Amino acid sequence: MSDGLHWFITLAELERVGAAAERLHLTQPTLSRMLARLERRLGVQLFDRHGKRLALNDFGRVYYEHTRRAQAELDAAARELADLANPAKGVVRLSFLHSFGARIVPELIAGFRRGSGHITFTLTQEAAESVEARVLDGGADLGLVSPKPAVPGLGWRTLQRQRLALAVPADHRLAARRQIRLAEVSDADFIVMHPGFGMRRIFDDLCAAADFRPRIAFESSDLVTVAGLVAAGLGVALLHMDEPPVRGPVPAPVLVPLSDPGAIREVGLIWSASAVPSEAVRRFRDFALDRAHSAP
């Protein structure tokens, strides 16, 4: 990444001189001088100052958006040149949901690296909406999300479908059920993901289809935390059947499969429909899609 743009992007995203300087391996006075020179050259202040805290103002947000897009183009050019110089090497920037980090992403990368060992990966974990935005603005080459995005400009292919279940504490009255409809627990306390996460979107859609408004007890940004709260008896939750067990002093939650129509978590790969993929990205995308097609 070009140093002329990278330092400003880092400062704009962290909005703290100290934290940005540490990440950039610069001193705080050096970074402050760089910002002062940039603002003098542009003729405007890019940040509002609140003690040690910075906040992008209207000028700063405009400059940040243009800078980020310009940086994405420069990074793409550098990757394309690297691919031309050595097609066997390259970088894939992959963004994905936190819950995919336990199994889906490691299995994909491990399988791919067995035949393409020189290709490296840059990984970021975010909410579904953030993954989609990162792929659209060029900050990531590929994304793994669920459910299928509704925003335009993204390519999508399904990699797998996961059956959904109601997670209940081990001693819950419904723990012995073989399956259940979501409407049967419409009066329960639910533990859910924060808005913007894929599983929250699926949960909201299933509740709407079941014609009830859920009572939310807790919100989290991590499915393992959701499972832990259920195991502790603090409510019930929507999880997929492949959810990793909770380790701790209390028994893991019981997963009761949902019988509701559409109670499936569709996991897919996304990419920008307008971007030209590098050779490394194209090879990994083809591998992921071929692997999904050949799965039983």
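Details of the structure are given in the entry above.
Parameters and conventions
Residues numbered from 1 in each chain as written. Predicted model: local features only at pLDDT ≥ 70, side-chain atom pairs only at ≥ 80, totals over all residues. Heavy atoms only, no water. 1 Å grid on protein atoms, 1.4 Å probe; cavity = no way out; pocket = protein on both sides within 12 Å on 5 of 7 lines; lining within 4 Å. Points joined across faces, edges and corners; volume = space filled by probe spheres on them. Helix = DSSP H or I, 4+ residues; strand = E, 2+ residues; numbered from the N terminus. Nonpolar A, V, L, I, M, F, W, Y, C, P; charged D, E, K, R; others polar. Buried < 20%, exposed > 50% of the residue type's maximum accessible area, 1.4 Å probe, protein only. Arc of directions from axis to C-beta. Pairing = 2+ DSSP bridges. Polar contact = N/O pair within 3.5 Å; in protein donor to acceptor, adjacent residues only side chain to side chain. Contact = heavy atoms within 4.5 Å.

### Let's talk about the layout of surface pockets
At step 1: Looking at the second largest pocket, its volume works out to about 510 Å³.
At step 2: If you trace the second largest pocket, you find 25 residues lining it, with Ala76, Arg79, Asp141, Ala275 and Val276 closest to the centre.
At step 3: Per element, the largest residue contribution to the lining of the second largest pocket is seven residues, and it comes from helix α4 (residues 58-85).
At step 4: For the lining of the second largest pocket, the residue count by class is twelve nonpolar, four polar and nine charged.

### A few points about helix α5 (residues 104-113)
At step 1: Here α5 has its buried residues at Ile104, Val105, Leu108, Ile109, Gly111 and Phe112. Along the axis of α5, the buried positions cluster into a sector of 165°, meaning they face one direction only.

### A few points about unusual backbone geometry
At step 1: Of note, the amide linkage connecting serine 146 to proline 147 takes the cis form, showing an omega dihedral of 0°.
At step 2: Within the element layout of this structure, proline 147 appears in the loop between β5 (142-145) and β6 (154-168).
At step 3: With a phi angle near 55°, glutamate 15 is a residue other than glycine that sits in the positive phi range.
At step 4: Taking relative accessible area as the criterion, glutamate 15 reaches 19% and is therefore assigned buried.
At step 5: Positive phi values are uncommon outside glycine, yet aspartate 211 reaches one of about 65°.

### A few points about the pairing of strand β1 (residues 47-50)
At step 1: The pairing of β1 with strand β2 (residues 53-56) spans four bridges and is classified as antiparallel. Within the sheet, the bridge partner assigned to aspartate 48 lies in β2 and is alanine 55.
At step 2: Counted between consecutive antiparallel strands, the loop separating β1 from β2 contains two residues, among which glycine 51 sits at a positive phi close to 65°.

### Concerning helix α2 (residues 17-24)
At step 1: All buried positions along α2 are accounted for by Val17, Ala20, Ala21 and Leu24. Taken down its axis, α2 places every buried residue within 100° of arc, on the same side. For α2, the exposed residues set more than 90 degrees away from the buried face come down to Glu22 and Arg23.
At step 2: Two residues or fewer past α2, histidine 25 is found with a positive phi of approximately 60°.

### Overview of the side chain of serine 278
At step 1: Inspection of the secondary structure puts serine 278 in the loop between β11 (264-272) and α9 (279-294).
At step 2: Reaching out from serine 278, the side chain makes a polar contact with the backbone nitrogen of valine 281 at a distance of 3.2 Å.

### Brief notes about the environment of leucine 24
At step 1: Mapping leucine 24 onto the fold places it in helix α2.
At step 2: In the structure, leucine 24 is positioned 13 residues away from leucine 11 in sequence and 9.3 Å away in space, judged by C-alpha atoms.
At step 3: Apart from residues lying up to four places away in sequence, leucine 24 is in contact with His6, Trp7, Thr10 and Leu31.

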